[in-house]
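# Per-entry structural report
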Amino acid sequence: FGAALLTLTAFAQPAVAAQSTKQLADVIPVPVQAKPDPRADFRLTPATVIVADRDARQVADYLGGLLRPATGYPLPVVPFAVSPKIELDVTRTAQVGDQGYRLDVTRRGVTIRANTTDGLFAGVQTLRQLLPATIEAKTVRHSRWVVPGGSITDYPRFGYRGAMLDVARHFFTPDQVKLYIDQISQYKINTLHLHLADDQGWRIEIKSWPNLARYGGSTEVGGGPGGYYTQAQYKDIVAYAASRHITVVPEVDMPGHTNAALASYPELNCDGVAPPLYTGIEVGFSSYCVDKDITYKFLDDVIRELAAITPGRYLHIGGDEAHSTAEADYLKFEGKVLPIVAKYGKLAEGWNEIVKANPPLTAIPQFWGINGQDDATAAAAARGNKILMSPANKAYLDMKYNPDSPLGLHWAGYVEVRDAYDWDPATTVQGVSEQQVAGVEAPLWSETLINNDAIEFMAFPRLPGIAEIGWSPRSTHDWNTYRERLADQAPRWVQEGIDFYRSSQVDWK
Ligand code: TNX
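Calculation criteria
Residues numbered from 1 in each chain as written. Predicted model: local features only at pLDDT ≥ 70, side-chain atom pairs only at ≥ 80, totals over all residues. Near = placed C-beta within 6 Å. Nonpolar A, V, L, I, M, F, W, Y, C, P; charged D, E, K, R; others polar. UniProt positions renumbered as here; feature names shortened; annotations may be inferred. Helix = DSSP H or I, 4+ residues; strand = E, 2+ residues; numbered from the N terminus. Buried ≥ 20, exposed ≤ 12 C-beta atoms within 10 Å, placed from the backbone. Pairing = 2+ DSSP bridges. Right-handed = clockwise from strand over helix to strand, strands pointing away. Domains from an automatic or database assignment. Contact = placed C-beta atoms within 7 Å.

Close to the ligand lie V283, D320, E321, W351, W368, Y396, D398, L409, W445 and E447. For the shell around the ligand, the per-class residue count stands at 6 nonpolar, no polar and 4 charged.

And the structure:
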């Protein structure tokens, strides 16, 4: 009988009006406000067009590129049209700020409005998730492409929502980085921090110091061939990220985590002797020579060249785990480097140790501790620095999920899917409140990661949780509803070829 009923229902379906099985708020990150209207579902057909004026054209082309493979519909982008249409509009839109959007679904079409193209792009990511998971297929599928009716008003809790990829411990090619950019942009991540230099490798061409990349980039953890980005390749990654409305923040770590540079140029060492390249995973053994003038000539060149190829406002200058730099030297060093960043028109970002050096109030310290008490970071917040939250025991995507995880480290503990979701940036560090938080970032260190499967396994499903913490209002935070929305993402990841970790904490679809 059950089977017969099922058949009947399936058979009856084409006769009823288009009805979505998705709920309007069934999206990650969950929207600020969703008002469903079950009589207003919209069905995409071969006649649907995408309407966009000049301002919205880039986002419209991107949307067309997302929807055409699985639907097989032409979905032309046109300047104006009658329904059925998906209309994208950069226009004054109340309530949603410079990153939010308003999305309206009626039987005649979908309209996304925003004050900026960033906001439109965010709205497009919502629309994408409102369609069936098969929309992610790369070849034509026969499906009913229905969007649930109603209206969404949505904007982020924090302006800065980042992901970090460590391309120093293991090198990832531009195509591998672009794939990650596509994956994270679905969850409204708007910043990609690239960790470009560490003990094991220097990954960015610096024309005035060519040995950095050529020699310093020639290996990686485990002794593989490493690699580096030419400046042209780096600019191409930056442009690709921009097309996904993501800003790249490049990091060259200093004064520690610098063996690759020290190995490339003997004169950067206090004793004038270059150490060998390093392929292990220890930290804290290297330091630039704080008392040599050439150190600052070198860093001036590096920062000048990096600033010139980076359109974003921030350069990350590391500053973590400088265990081989005396405290007084550390302060002296940062006192000389922070002004170089400013000289080339950039604002500094640094790991939270940098607060010891009293950086300018425009600098963003990135908290990576595992303890809610950090008086130095709280003092920086009190002075006026906005803090970026990456608590290692919550936001570190390179931590193992549990003792059986085949990849990852566990110095900050095991981080299961629920752990990565169950925290609040406004209470992470005692004395750092909501208004003092710039946002959140999920770092992915690559000591144990060698390819995209490994990246995906660590980032999914934890990254969407951190993205939701960064975007959605605190009042929506709820593990039970989140885990159901997360379960719904699985069929999408299957279509996209994302090799995710099927945590037993979630009843996967
Ligand atoms: C600590 S987090 C580091 C990195 C390692 C990471 C591994 C931070 C600022 N420094 O050098 O890769 O742990 O989890």
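On we go from here.
Now for the UniProt feature "domain: Glycoside hydrolase family 20 catalytic" (unreviewed entry) in the chain. Following the UniProt record, one finds the feature "domain: Glycoside hydrolase family 20 catalytic" (unreviewed entry) at residues 158-324 and 332-473. Within the segment residues 158-324, helix and strand shares are 31% and 18% respectively, and the terminal C-alpha atoms sit 35 Å apart. Regarding residues 332-473, the helix share stands at 34% and the strand share at 14%, and the terminal C-alpha atoms are separated by 41 Å.

This brings us to unusual backbone geometry. The omega angle of the peptide bond from S83 to P84 is 0 degrees, so this bond is cis rather than trans. With respect to the secondary-structure elements, P84 resides in the loop between β4 (77-78) and β5 (85-90). Of note in this structure, L75 is not a glycine but carries a positive phi near 40 degrees. Residue position: L75 is located in the loop between α2 (57-71) and β4.

Burial within strand β10 (residues 160-166) is extensive, with 7 of its 7 residues counted as buried. Pairing geometry for β10 and strand β18 (residues 437-444), over 6 bridges, is parallel. In the strand pairing of β18, M164 is matched with P443. Judged from the 5 bridges that link them, β10 and strand β11 (residues 191-198) form a sheet pairing that is parallel. The partner of D166 across the bridge, within β11, is H195. Of the crossover connections in this fold, the one passing from β10 over helix α4 (residues 174-185) to the parallel β11 is right-handed.

With that out of the way, let us pick up the sheet that holds strand β6 (residues 101-106). The strand order β1-β9-β6-β7-β5-β3-β4 describes an open sheet built from 7 strands, whose pairing is mixed. Strands at the two margins of the open sheet, each flanked by one partner only, are β1 (33-36) and β4. Examined bridge by bridge, β1 and strand β9 (residues 150-154) share 4 bridges and lie antiparallel to one another. Bridge assignment links Q33 to a residue of β9, and that residue is T153.

The next thing to look at is the domain arrangement of the chain. Here the chain is described as being made up of domain 1 (18-154) and domain 2 (160-496). With 13 residues of domain 1 at the contact, the number on the domain 2 side is 19 residues. Its residues assigned to classes, the side of domain 1 that touches domain 2 comprises 8 nonpolar, 2 polar and 3 charged.

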